Amino acid sequence: MLVIARVAFAPHPPLLVPELVTGAATETEPLRRACRTAAATLTQMADHWWVIAVDQAGPKIIGPEARGTFAGFGVDLEVDLGRGQGGADPELPVPALIAGWLRAHAGARSVTVQLLPADLSPAECLELGTTLAAGPEPTGLLVLADSSARLTPRSPVPPDPRAPEFDAQISSALATGDPAPLTALDPALAVELWAHGRAAYQVAGAATTGRGWQADLLYSDCPYGVGYHVATWT
């Protein structure tokens with residue numbers, strides 16, 4: 001039995017949380033709404049999600065017992081992964097915080113977050129994705145990843161003329177439900193373009209290869225010079 005019943009793709013910037021961006025809450029609402037919608041579609045299929053994201057704390061798996069806070073971003077807003085116990089961990093990685101925030105809004109029972117190292121090789125991504133696809137029970141897969149951070153003058157680093165094509169490769173794949181362009185992402189180019197979510201996209205591509213997906217691209221833009229794409233695959 002294939003484990004993945006549905007896939008949702010979303011970025012994981014703290015600006016998704018309105019309490020953290022009171023001055024830009026209106027500007028970021030379209031992205032926030034799309035992420036909430038994508039997360040809600042996962043809950044329709046499974047009440048437990050497996051989450052993959054790239055973070056400097058990886059490789060690491062964070063279970064549903066984790067609890068954290070956005071206090072490091074100026075607001076002591078606590079979230080948990082479903083069965084949070086004890087005090088909030090002030091150093092819970094951002095992807096886990098966002099996963100917990102989305103879980104609460106979507107009404108999922110629990111989430112498990114698997115953090116990947118940024119330098120995970122394509123071969124290792126293929127191996128991990130294949131393992132996820134052959135799990136013992138159906139679940140929802142939430143892929144938290146950004147595209148290039150070098151798209152416009154508003155980017156945190158100078159724009160790169162290669163970034164739009166790289167970004168379009170990701171958005172087109174998500175819009176069509178085609179895993180192949182995700183598995184084909186160039187790791188070296190991703191580093192140069194500050195596309196820190198490359199490994200998460202490649203693992204997702206490997207985990208979904210060989211199946212037909214109905215795709216819905218809910219959001220695709222770069223409001224702060226970073227490619228943010230939100231989609232669901234059924």
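Before going into details, it helps to say that this report is about the structure given with it.

Reading the values: rules and limits
Residues numbered from 1 in each chain as written. Predicted model: local features only at pLDDT ≥ 70, side-chain atom pairs only at ≥ 80, totals over all residues. Heavy atoms only, no water. Pairing = 2+ DSSP bridges. Helix = DSSP H or I, 4+ residues; strand = E, 2+ residues; numbered from the N terminus. Axes fitted to C-alpha atoms, helices over the stretch in contact; angles between N-to-C directions. Contact = heavy atoms within 4.5 Å. Buried < 20%, exposed > 50% of the residue type's maximum accessible area, 1.4 Å probe, protein only. Core = buried A, V, L, I, M, F, W, Y, C linked by side-chain atoms within 4.5 Å. Polar contact = N/O pair within 3.5 Å; in protein donor to acceptor, adjacent residues only side chain to side chain. Salt bridge = Lys/Arg side-chain N within 4 Å of Asp/Glu carboxyl O.

Taken in spatial order, the 7 strands line up as E3-E6-E2-E7-E1-E9-E8 in an open sheet, and their pairing is mixed. The open sheet is flanked by strand E3 (60-62) and strand E8 (215-221), the only strands paired with a single partner. Taking the axes of each pair of neighbouring strands and ignoring which way they run, one obtains an average angle of 15 degrees across the sheet. Pairing analysis gives 6 bridges linking strand E1 (residues 4-10) to strand E7 (residues 139-144), with the strands arranged parallel. Bridging across to E7, Ala-8 finds its partner in Leu-142. Across the sheet, helix H3 (residues 122-133) touches E1, strand E2 (48-54) and strand E6 (110-116), and the angle it forms with E6 is around 165 degrees. Strands in contact with helix H7 (residues 198-208) are E1, E2, E6, E7 and strand E9 (228-233); relative to E2, the strand with the most contacts, it is inclined by about 135 degrees.

As a further point, take the pairing of E1. Counting buried positions along E1 yields 7 of 7 residues, so the element is predominantly enclosed. The pairing of E1 with E9 spans 3 bridges and is classified as antiparallel. Pairing of Phe-9 across the sheet is with Ala-231, part of E9.

Right, let's talk about unusual backbone geometry for a bit. Each neighbour pair has its own omega, and for Gly-58 with Pro-59 the value is 0 degrees, a cis peptide bond. Looking at the element boundaries, Pro-59 is found in the loop between E2 and E3. A positive phi angle, close to 55 degrees, is found at Trp-194, a residue other than glycine. Residue position: Trp-194 is located in the loop between helix H6 (187-192) and H7. Judged by its relative accessible area of 37%, Trp-194 falls in the partly exposed class.

When you tally the buried positions in E6, you get 7 out of 7 residues, the bulk of the element. Of the two faces of E6, the one holding Ser-110, Thr-112, Gln-114 and Leu-116 and the one holding Val-111, Val-113 and Leu-115 are both buried throughout. Relative to E6, E2 is paired through 7 bridges, and the arrangement is parallel. The residue of E6 that forms the bridge with Val-51 is Val-113. Across 3 bridges, the pairing between E3 and E6 is antiparallel. Its bridge partner lying in E6, Lys-60 is registered against Leu-115.

What follows covers the side chain of Gln-114. Assignment of secondary structure puts Gln-114 in strand E6. Assessed through its relative accessible area of 13%, Gln-114 is described here as buried. Excluding residues that lie within four positions of it along the chain, Gln-114 makes contacts with Trp-50, Val-51, Ile-52, Ala-53, Lys-60, Ile-61, Leu-128 and Leu-132.

Bringing the nonpolar core into the picture now. By size, the foremost hydrophobic cluster in this structure holds 42 residues, and its most contacted members are Trp-49, Leu-102 and Val-113. Going through the elements one at a time, E1, helix H1 (25-45), E2, helix H2 (94-106), E6, E7 and E9 are the ones with two or more residues in this core. Per-element tally for this core: the top contributor is H2, with 8 residues. By size, the runner-up hydrophobic cluster in this structure holds 33 residues, among which are Ile-4, Val-7, Ala-173 and Ala-199.

The next thing to look at is the environment of Arg-83. Within the secondary structure, Arg-83 is located in the loop between strand E5 (78-80) and H2. Classification of Arg-83 as partly exposed rests on a relative accessible area of 40%. In this structure the C-alpha to C-alpha distance between Arg-83 and Glu-65, which are 18 residues apart in sequence, comes to 4.6 Å. With residues near it in sequence (within four places) discarded, Arg-83 still touches Pro-64, Glu-65, Arg-109 and Ser-110. Here Glu-65 takes part through its side chain, which lies 3.0 Å from a polar atom of the side chain of Arg-83.

Another aspect to go through is the pattern of salt bridges. Under the definition given, this model contains 11 salt bridges. For the salt bridge of Arg-109 with Asp-47, the shortest nitrogen-to-oxygen distance reads 3.2 Å. Here Arg-109, found in the loop between H2 and E6, pairs with Asp-47, found in the loop between H1 and E2; they are 62 residues apart in sequence, far enough to count as distant. On the accessibility criterion, Asp-47 (39% relative accessible area) is partly exposed. Arg-150 is paired through a salt bridge with Asp-160; the nearest N and O atoms lie 4.0 Å apart.

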